[in-house]
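What follows is the residue order along each chain.
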Amino acid sequence: MSSELREEVIRLFADRTGSDEKLLEECTSICQIYNLSAEALLYKWEALNFRPSATRSEISAFTMDSIVALKALIQRDLAKENVRKPQHRTIATSNIALVNRSRLPANMLKNASPAQRVGAVQVKSEGFGASHVKFKGPNEDVSSRKDRSYRYMYEKISERGEALDDQIEELTELIQTHYNVSDLGDPSLSADEEITAIGRIVHDSDSSTTPSKLTETTVALETSRMVSSGARVPLRFDPELTIRGGAQGVGSASLYPGAIVALKGKNGGGGWFLVTEILSIPPLKPTFVSLGLPNPKADPGGSDIPFSMCIASGPYTPDADLSYKPWRALIAALKNDKPAVTLLIGPFIDVQHPKIKNGETDILPADLFRTLFLQPLRAFLDSCPGNIAVLVPSVRDLISRQAVFPQGELDSELTGSDPRIHLLPNPARFSINDITFAVSSVDVVYHLRKEELLKRGKEVDTIAPSSVDDTGTDPMANTCRQLLQQRSFYPLFPVPSDVSHEVNLSVTHLNGLRLADGAEECAPDILVLPSRLKQFSKAVSSTTALNPSFLMKGTYAKVNVAARGTVPGIKERITTEVIRLEA
């Protein structure tokens, strides 16, 4: 049947498309999805593109933009047909309003039966085949999903203060245990002896009336309310400053608003705290896999086969149009490479896209997503049984109910609850077989690089690198190291004003930004951080930090993982590559 349909499409559309294989393939796909004959599709296209004039009438050229407009026309026609269908109602004997559910948007039909939902296509799991890999993501129980899809835009000042204090207290306990510090001092009080103080780096607002980057004269320390009632004290640094317990070769401490630090020094009564030593936060523990050991808590029946993963981050279309040409090019590459896992990071439908901001499209965001993004993804998964896709949203996603960070996963109604497509929150921790991943769509690398103040000092009791590639001198690797040390996907606070629209941070839900893996506090094997900065793959202690950049810029990443026992260690098992997308 499909071969006959394709022949009919070629017969009717070959002259109009210039025998373009991509256009012919799209026409065939539309006929199959919407159950149309090739002749019916031709009539719809001619009606859509007919341009009458006073002198002559003509049909405009058939291009990929015609495909987008044609799909939108068909969907509008289907919606009109659903509205016109007679509603079989029983006569009500009481004052009960009868609601036409076909006129309601999909997000208002959460409690409706599948038969009552319009536009949310449910996908049956039969025929997909078993997955090639074992995927484990965040908890999917009702309570966990509800916690991630929290209500926002209302935060009490007291709750914000408690959340910020909790961050300091958690790392305080860790630092005291690691460095055997019994008592903490108040840096705002004058003292003759050195003390150890732990707090958050802040901008000294008294020294600057407008927000600006930290300098040595504007940096201050804010302690917790338990130690010194949240007092702020300006910092000055001793010329013989030492940095204890840092990674070998770094030779400096990164200071930025929001960073939790441990400092040794004293307040001599001059109104500031003189820092003589910075105690580096101890690193996260490596996973069992990175140590070459079997995980005692791992599923004994778990998969141990090699696998490949493709990682791409939005935007997926250039600002000039909504053609999603880079996305279609990536799908073609995926069909050739057939990776077992495809990690796709938002935004998928970008609220900042000029065409959407200016109202130049009348197609609903959910319909845009299903037509331009989801249909090609499903076609790829159909051609590769057993492969899966993992979707992580962005705060700029128009199809997400939340425009706040941390952010819950996308609604399963958008993908029709397709079992091959796993929806994760932003940020997220998950694992494929025995390899753990951490991912966030917020450009935290750029934000940190823009705001940090590097304070150099003499290294003491450094930690030797676990890899020859981790020299400690790479700026990007050291920026990623900050996230691992601070145990947070976004350690900055407050968010820089010029990029606040990219984050929209919910302070009372900072626990959703925890990067540590539960009580074990293990570092992820692979940390994915898409950024506008140049793409990279860096070794940071036991973690591989990866920036695939944005697909709109023509790059994506590929990860290959070998099976256990085939190579000596985790660095040899994991190979990463940033690939330039072919036009």
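Residues numbered from 1 in each chain as written. Predicted model: local features only at pLDDT ≥ 70, side-chain atom pairs only at ≥ 80, totals over all residues. Heavy atoms only, no water.

K.L.:
Would you mind going over the overall build of the protein in detail, with residue names and values included?
P.N.:
Along the protein, the regular secondary structure elements total 13 helices and 22 strands. Counting over 583 residues, the protein shows a buried share of 49%. Long-range pairs, those at least 24 residues apart, make up 72% of the contacts in the protein with a sequence separation of at least 6. Approximately 28400 Å² of the protein is accessible, and the part contributed by carbon and sulfur atoms is 51%. (Helix = DSSP H or I, 4+ residues; strand = E, 2+ residues; numbered from the N terminus. Buried < 20%, exposed > 50% of the residue type's maximum accessible area, 1.4 Å probe, protein only. Contact = heavy atoms within 4.5 Å. Areas by Shrake-Rupley, 256 points an atom, 1.4 Å probe, with all protein chains shown as cover.)

K.L.:
Go over the side chain of Thr479, please, and point to the residues and values.
P.N.:
Within the secondary structure layout, Thr479 lies in helix α12 (residues 475-486). Non-local contacts of Thr479, meaning those with residues more than four positions away in its chain, are made with Val445, Leu448, Arg449 and Glu452.

K.L.:
Lay out the sheet that holds strand β14 (residues 428-432) with the relevant residues and their values.
P.N.:
A sheet is described by the order of its strands in space; here 6 strands give the open sequence β3-β14-β15-β18-β20-β19, paired in mixed fashion. Each edge of the open sheet is held by one strand with a lone partner, namely β3 (135-136) and β19 (536-540). Here strand β15 (residues 435-439) runs beside strand β18 (residues 526-528); their pairing, made up of 3 bridges, is parallel. Bridged to Ala438 within β18 is Leu527. Packing of α12 onto the sheet brings it into contact with β18, β19 and β20 (543-547), and relative to β19 it is tilted by some 60 degrees. (Pairing = 2+ DSSP bridges. Axes fitted to C-alpha atoms, helices over the stretch in contact; angles between N-to-C directions.)

K.L.:
Give a detailed account of the pairing of strand β21 (residues 555-561), specifying residues and quantitative values.
P.N.:
With 5 of its 7 residues buried, β21 lies for the most part within the structure. The pairing of strand β10 (residues 307-313) with β21 spans 5 bridges and is antiparallel. Considered in β21, the bridge of Cys310 is made with Lys558. Both β21 and strand β22 (residues 574-580) contribute to a ladder of 7 bridges, which runs antiparallel.

K.L.:
Report on the pattern of salt bridges, specifying residues and quantitative values.
P.N.:
Two side chains with opposite charge may pair up if their charged atoms get near one another. According to the stated counting rule, one finds 35 salt bridges in the structure shown. Taking the shortest distance from any N to any O, the salt bridge between Glu21 and Arg6 comes out at 2.7 Å. A residue pair is termed long-range when its members are at least 10 positions apart, and Glu21 in helix α2 (residues 21-34) and Arg6 in helix α1 (residues 2-17) qualify at 15 residues. Residues joined in a network through salt bridges with shared partners are Glu140, Arg145, Arg148 and Glu409. (Salt bridge = Lys/Arg side-chain N within 4 Å of Asp/Glu carboxyl O.)

K.L.:
Can you tell me about the nonpolar core, naming the residues and giving the values?
P.N.:
Within the largest apolar cluster, 54 residues are counted, with the highest numbers of intra-cluster contacts made by Leu235 and Tyr490. Aside from chain neighbours lying at most four places away, what touches Tyr490 is Phe405, Val442, Val444, His447, Val495, Pro496, Val503 and Leu513. Listed in part, the 38 residues of the second largest apolar core include Tyr324, Leu330, Leu368 and Leu381. (Core = buried A, V, L, I, M, F, W, Y, C linked by side-chain atoms within 4.5 Å.)

K.L.:
Describe in detail empty space enclosed by the protein, supporting the description with residues and values.
P.N.:
Taken as a whole, this structure holds 3 cavities of 30 Å³ or more when the rule is applied. Taken together, Glu26, Met64, Ile67, Val68, Lys71, Ser323, Tyr324, Arg328, Thr371, Leu372 and Pro376 make up the full set of residues lining the largest cavity. Classifying every residue of the lining of the largest cavity gives 6 nonpolar, 2 polar and 3 charged. (1 Å grid on protein atoms, 1.4 Å probe; cavity = no way out; pocket = protein on both sides within 12 Å on 5 of 7 lines; lining within 4 Å. Points joined across faces, edges and corners; volume = space filled by probe spheres on them. Nonpolar A, V, L, I, M, F, W, Y, C, P; charged D, E, K, R; others polar.)

K.L.:
Outline the confidence of the model for the protein, listing residues and values.
P.N.:
Averaged over all residues, the pLDDT of the protein is 85; the fraction at 70 or higher stands at 86%. By mean pLDDT, strand β2 (residues 58-59) is the weakest element of the protein at 56, and strand β11 (residues 341-345) is the strongest at 98. Under a pLDDT of 50 for its full length, residues 53-57 has, in the predicted model, 4 contacts with residues more than four places off or in other chains. Segment residues 87-122 is flagged for pLDDT under 50; beyond a separation of four residues in sequence, or across chains, it makes 37 contacts in the model. (pLDDT = per-residue confidence, 0-100.)

K.L.:
Residue-level account of the environment of Val499, with values.
P.N.:
You can see Val499 is positioned in the loop between α12 and β18. Using a relative accessible area of 4% as the deciding quantity, one classes Val499 as buried. Taking the C-alpha atoms as reference points, Val499 and His447, separated by 52 residues in sequence, lie 7.8 Å from one another. Ignoring any residue separated from it by four or fewer positions in sequence, one finds Val499 in contact with Tyr446, His447 and Lys450.

K.L.:
Which residues make up the packing of aromatic side chains, and what values go with them?
P.N.:
Counted by the stated rule, this structure contains 10 aromatic pairs. Pairing Tyr316 with Trp327 gives two aromatic rings, centres 5.6 Å apart and planes at 80 degrees, and the pair type is edge-to-face. Placement of the pair is Tyr316 in the loop between β10 and α8 (325-337) and Trp327 in helix α8, with a sequence separation of 11 residues. An identical accessibility class is assigned to Tyr316 and Trp327; each is buried. With centroids separated by 5.6 Å and ring planes inclined at 15 degrees, the aromatic side chains of Phe369 and Phe373 adopt a geometry described as stacked. Placement of both Phe369 and Phe373 in helix α10 (residues 365-383) is noted, with a separation of 4 residues, approximately one turn of the helix. In this pair, the class of Phe369 matches that of Phe373, namely buried. Linked through ring pairs, Tyr316, Trp327, Phe348, Phe369 and Phe373 together constitute an aromatic cluster. Taking the ring centre of Tyr446 as reference, the NZ or CZ of Arg532 above it sits at 4.1 Å. (Phe/Tyr/Trp six-rings, centres within 6.5 Å; stacked < 30°, edge-to-face > 60°. Lys NZ or Arg CZ within 6 Å of the ring centre and 35° of its normal.)

K.L.:
Give a detailed account of unusual backbone geometry, specifying residues and quantitative values.
P.N.:
Along the chain, Gly346 connects to Pro347 via a cis peptide bond; the corresponding omega equals 10 degrees. Topologically, Pro347 is positioned in the loop between β11 and α9 (354-357). Between Phe405 and Pro406 the backbone carries a cis peptide bond, its omega angle lying at 5 degrees. The backbone phi angle of Ser417 is positive, close to 55 degrees, even though this residue is not glycine. The topology assignment puts Ser417 in the loop between β12 (388-392) and β13 (421-423). A relative accessible area of 38% means that Ser417 is categorised as partly exposed. We note that Asn504 has phi near 50 degrees; this positive angle belongs to a residue other than glycine. Position of Asn504 among the secondary structure elements: in the loop between α12 and β18. The partly exposed category is assigned to Asn504, whose relative accessible area is 37%.

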